[in-house]
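# Coordinate analysis (summary)
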Amino acid sequence: MIGGIDLFIVVFFIVGVFVVGVYFKKFIHTSEDFFLAGRRLGWWVIGMSIIGTNIGSYDYVGGAGAAYDVGIAQANYEWIGAIPAMVISALLFVPYYWRAGAYTVPEYLGKRYSQPVRVIEALLWGTFLICCLAIFFWASGLMINTYIGWPIWLGILLTAVIVGIYTVTGGLTAVAMTDVIQLAIMLVGGFAVAIIGFHEVGGWSGLVERITVEHPDHFRLFLPLSHETYPWLGMIFGLGLVLSPAWWCCHQAIIQRTLGARSEWDAKAGMLSAAFLKTLVPLLYVLPGLFVLALATEPLADKDQALPWAIKNLLPAGLAGLVFAAFLAAIFSSVDSTLNSAVTIWTRDIYQNFIVRKASDRHYLNFGRGLTLIFVVVGALLAEPLTTSFSGIYLAMQTLLTIFQGPTLATVLLGIMWARATRWGGLFGLVGGVACSTILHMTDMNFLYVAWWSFVAAMIINALVSLLTKPEPTEKLRGLVYGLVMKDEHIQNSLSSRVEGGE
Amino acid sequence: MEDTKPKVEKGLSPLEVMGLFWIALGIIMVIAVYAPPTMIGKMTNLIAGIILLAIGLLAYLKGRSGRASRETKED
Amino acid sequence: MIEWLEDLPLYWAKIIGTLFFLLVIVWAFTRPKEYIFRGAPDGKAWRDLRIWAVVILIIQVFLYIGF
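A quick note: this is a predicted structure, and the numbers were derived from the prediction, not measured.

Let's shift gears to the overall build of chain B. Check the secondary structure of chain B and you find two helices and zero strands. When burial is assessed residue by residue, chain B has 45% of its 75 residues classed as buried. Restricting the contact set of chain B to residue pairs at least 6 apart, pairs at least 24 apart contribute 66%. Counting only carbon and sulfur atoms, one obtains 71% of the accessible surface of chain B, whose full area is about 3,900 Å².

Here's what the structure looks like:
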């Protein structure tokens, strides 16, 4: 357990993030300020916030454990399983969401297809994000319990109060700015761990020599097809072509930052700068996992103990506190973003769309703030029952995601790329794809292949049903479909003015 | 590059606030050099502290100059 | 489903992975200039996002060839 200067650093971090987060309250005057940071975010804030949101505590603990177990193949989740998708997201998907003036991905789908598609997507993502929130709260309580010794409930309460208050007051502005602060701490902490780790193992060559004697595959990015969890084909097709684009092109918490960009260029550049930062992420947890493998004299009983081992045996006082603050940063940045995105979806796509349609802007701002508080309480209360009903935190996330990520990607992809895709094609493709992944999930199939086949099923169903139904009028598709926008300068200008006019 | 569109907001800009946070944390890390018994431990704390201080100073100065130029434009 | 693929040597994974990156590089680089610069405050060379994309992806190609 940590104490002394380390505990002081952690307490300073917690208090500091709280104060900074609450400071951004003064930037919130309208619902657009609250949900989209007033569309004022610059590209580098967006990039850092996206990565801060993306790195969670499960990346640190589970990722370091996996790197200890399988080696650098774990980095596939950050490289081939992220970067090509981020480039595609930046240059293809993000501009369309931004130009549509949407607050959420389901809102875009509602404009492109129909209200039922919007509602199904909103309910899927809205529910998923609340589950994520509960899981993040539990992870936070568990981590504080392990390293500081406080009861789990106290850790959950602390996280809920701190993150809840600054998210309620400062909205996306507070979320994005605190993400930036937190990512910087994570990177500095990771860099310092790399320095001390390489010193201990004798540099890169020392690390390779120590590990490859007993683990010759630990420095291979691609593992054989017979590998149970990291088969190379699944990595390229399941992860690289489906799961990763679905995450980076359709995940509300990721996309929401780009929707808050001050210009289309900033939105695109934000996602690309995030892709660059993503290249560095394996520094944070793959390297520590490898250091532990090289330095531990006895094999660890539980691979997820790799990072705790590194903190206890490798890091000096001071740096241990900074690295623990980085863990908390990873959790806080995931909790605040998930909270803000869940509230945005439930407010825009459900409440404002069905329940109270024509209220004042102040009404929706207050509703968003109230809902944020409610979700904090719900997430904290669900933390234990939800996570203990699954065998592991990571498995819970994976199971939920696999069911609808492939079909979502297929629906968005055809919606943007193919003007012939109709409202019925979108609806049947989405529902059919989710049904397909649910059925496949009950078999023994690897989740990477489930993602691939549910994506293919949704594409085929969408295309077939679209061809059998009446095409959508061109007027409806203006600005929402790739080909139409690329060919028509008039549409581009009218969309820009629409967004600038705040429609 | 400023972090937000120019808009009338009094007080510190986001960059200045972030900069101050990093500076304070950097100072604490530099002070923490006393804690580890080994030279490599002390050096690592020092390097982490200096990096945080540098990022913080850069952000603070950039934010302050951005705010000054916005206030000049408003006047 | 993929039994016949299991006989493929592991370097095929590298070839397919690298081709995947190259495909995205070509796609990114061929985006129209006005589309890339839309919303940018000026047309300075560093704002050309095609260059950003290519640099980011080339780093990946080297990593995947190296490991």
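Let us keep going from here.
Turning to the packing of aromatic side chains, a few remarks are in order. Inspection of every chain in the model, using the stated rule, returns 32 aromatic pairs over all chains. Both rings, one in C:Phe21 and one in C:Tyr64, keep their centres 5.3 Å apart while their planes meet at 45°; by these two values the pair is tilted. Linking C:Phe21 in helix 1 (residues 11-29) with C:Tyr64 in helix 3 (residues 49-66), this pair joins segments that are 43 residues apart in sequence. Here the two residues C:Phe21 and C:Tyr64 agree in accessibility, since each one is buried. Within the aromatic cluster, the residues linked to one another by ring pairs are A:Trp79, A:Phe222, C:Phe20, C:Phe21 and C:Tyr64. Sitting over the ring of A:Tyr103, A:Arg348 keeps its end group 3.7 Å from the ring centre. Of note, C:Arg47 hangs over the ring of A:Trp265, and the distance from its end group to the ring centre comes to 4.8 Å.

Attention shifts here to the packing of helix 12 (residues 264-280) of chain A against helix 13 (residues 282-295) of chain A. All names here are of chain A. Packing of helix 12 against helix 13 leaves a shortest axis separation of 6 Å and a crossing angle of 15°. Between helix 12 and helix 13, the angle is such that the two are roughly parallel. Here Lys278, Thr279 and Leu280 of helix 12 come into contact with helix 13, specifically with Pro282, Leu283 and Leu284.

A separate point is the interface of chain C and chain A. Each side of the interface is counted separately: chain C has 35 residues, and chain A has 45 residues. Approximately 3,700 Å² of surface area, both sides summed, lies buried where chain C meets chain A, with 77% of it carried by carbon and sulfur atoms. Sorting the residues of chain C by area buried against chain A places C:Tyr35, C:Arg38 and C:Phe67 first, and these three jointly supply 22% of that buried surface. The interface formed by chain C and chain A contains zero salt bridges. Here chain C and chain A share nine residue pairs in polar contact (both at pLDDT 80 or more) between them. Grouping the constituent residues of the side of chain C that touches chain A by class yields 27 nonpolar, three polar and five charged.

Turning next to the confidence of the model for chain A. All names here are of chain A. Summarising the model, chain A shows a mean pLDDT of 85, and 93% of its residues fall at 70 or more. Averaged pLDDT values for the elements of chain A fall to 52 in helix 22 (residues 489-500) and rise to 94 in helix 12. Scored below 50 in pLDDT, residues 498-503 makes eight contacts in the model with residues more than four places away or belonging to other chains.

Residues C:Tyr11, C:Trp12, C:Ile15, C:Leu19 and C:Leu22 make up a contiguous nonpolar surface patch of about 480 Å² in total accessible area. By the secondary structure assignment, C:Tyr11 is in helix 1.

Keep in mind that most residues, glycine aside, have a negative phi and that most peptide bonds are trans. Residues and elements named next belong to chain A. We note that alanine 37 has phi near 55°; this positive angle belongs to a residue other than glycine. You can see alanine 37 is positioned in the loop between helix 2 (31-36) and helix 3 (43-54). Taking the relative accessible area as the measure of exposure, alanine 37 reaches 3% and is therefore buried. For arginine 39, which is not glycine, the phi dihedral falls at a positive 50°. Note that arginine 39 resides in the loop between helix 2 and helix 3.

Turning to the nonpolar core, a few remarks are in order. One finds A:Phe13 and B:Trp22 to be the most contacted residues of the largest nonpolar core, which totals 219 residues. At 22 residues, helix 8 (residues 152-201) of chain A tops the list of elements feeding residues into this core. Here A:Phe13 is in contact with A:Gln182, A:Ile185, A:Ala325, A:Leu328, A:Ala329, A:Phe332 and B:Phe21, once residues within four sequence places are set aside.

Conventions adopted
- Residues numbered from 1 in each chain as written.
- Chains lettered and ligands numbered in written order.
- Predicted model: local features only at pLDDT ≥ 70, side-chain atom pairs only at ≥ 80, totals over all residues.
- Heavy atoms only, no water.
- Helix = DSSP H or I, 4+ residues; strand = E, 2+ residues; numbered from the N terminus.
- Buried < 20%, exposed > 50% of the residue type's maximum accessible area, 1.4 Å probe, protein only.
- Contact = heavy atoms within 4.5 Å.
- Areas by Shrake-Rupley, 256 points an atom, 1.4 Å probe, with all protein chains shown as cover.
- Phe/Tyr/Trp six-rings, centres within 6.5 Å; stacked < 30°, edge-to-face > 60°.
- Lys NZ or Arg CZ within 6 Å of the ring centre and 35° of its normal.
- Axes fitted to C-alpha atoms, helices over the stretch in contact; angles between N-to-C directions.
- Parallel < 35°, antiparallel > 145°, perpendicular 65-115°, else oblique.
- Buried area = accessible area lost by both parts, 1.4 Å probe.
- Salt bridge = Lys/Arg side-chain N within 4 Å of Asp/Glu carboxyl O.
- Polar contact = N/O pair within 3.5 Å; in protein donor to acceptor, adjacent residues only side chain to side chain.
- Nonpolar A, V, L, I, M, F, W, Y, C, P; charged D, E, K, R; others polar.
- pLDDT = per-residue confidence, 0-100.
- Patch = residues over 30% accessible without salt bridge, like charges linked within 9 Å, V, L, I, M, F, W, Y side chains within 5 Å.
- Core = buried A, V, L, I, M, F, W, Y, C linked by side-chain atoms within 4.5 Å.

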